[in-house]
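# Observations on the model geometry
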Amino acid sequence: MEKVALFGCGNYGKKALWEYGKENVVCFIDNSKDNQGKTIEGIPIISLDDYKENWTQYDIVISATAIKEIKTQLDLCGIKKYRLYLPKTQYYRLPCNFL
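So, a few notes on the structure that sits alongside this text. (Residues numbered from 1 in each chain as written. Predicted model: local features only at pLDDT ≥ 70, side-chain atom pairs only at ≥ 80, totals over all residues. Heavy atoms only, no water.)

In the structure shown here, the tally under the stated rule is two aromatic pairs. Both rings, one in Tyr-12 and one in Tyr-85, keep their centres 6.2 Å apart while their planes meet at 85 degrees; by these two values the pair is edge-to-face. Of this pair, Tyr-12 sits in helix α1 (residues 11-20) while Tyr-85 sits in the segment after β6 (82-84), placing them 73 residues apart in sequence. According to the relative accessible area criterion, Tyr-12 is partly exposed, its value standing at 30%. (Phe/Tyr/Trp six-rings, centres within 6.5 Å; stacked < 30°, edge-to-face > 60°. Helix = DSSP H or I, 4+ residues; strand = E, 2+ residues; numbered from the N terminus. Buried < 20%, exposed > 50% of the residue type's maximum accessible area, 1.4 Å probe, protein only.)

Next comes the structure, spelled out in structure tokens:
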């Protein structure tokens, strides 16, 4: 499996890390300055500017719920090597009277 950068370090980002495997995730990208400079499972959380300067050899996987905003941000930066993370498992709430 190729190594990737995950954009988003919230619940989807952590789930993506679990599915991709720690050995295949080189960094998390996050817009929150509160998260930048920290790590998750030893993997650095960086800014998009840091990614553009040092990590562009890795494709980005959008692993957040703000998909449209992140996609727009990447497009405006001229970054084309990205894709969307789709969890392998989804849990849906069904109405009580479903069955």
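Picking up where we left off.
The next point concerns the side chain of Asn-24. In this fold, Asn-24 is placed in the loop between α1 and β2 (25-29). Take Asn-24: its relative accessible area is 10%, and that puts it in the buried class.

Residues Ile-67, Leu-84 and Leu-86 make up a contiguous nonpolar surface patch of roughly 260 Å² in combined accessible area. Assignment of secondary structure puts Ile-67 in helix α3 (residues 67-76). Ile-67 gets classed as partly exposed once you look at its relative accessible area, which sits at 31%. (Patch = residues over 30% accessible without salt bridge, like charges linked within 9 Å, V, L, I, M, F, W, Y side chains within 5 Å. Areas by Shrake-Rupley, 256 points an atom, 1.4 Å probe, with all protein chains shown as cover. Salt bridge = Lys/Arg side-chain N within 4 Å of Asp/Glu carboxyl O.)

Relative to the helices and strands, Ser-47 is located in the loop between β4 (43-46) and α2 (48-54). Separated by 3.0 Å, the side chain of Ser-47 and the backbone nitrogen of Asp-50 make a polar contact. In this view, Ser-47 contacts Ile-29, Asp-30 and Gln-36; residues no more than four positions away in its chain are not counted. (Polar contact = N/O pair within 3.5 Å; in protein donor to acceptor, adjacent residues only side chain to side chain. Contact = heavy atoms within 4.5 Å.)

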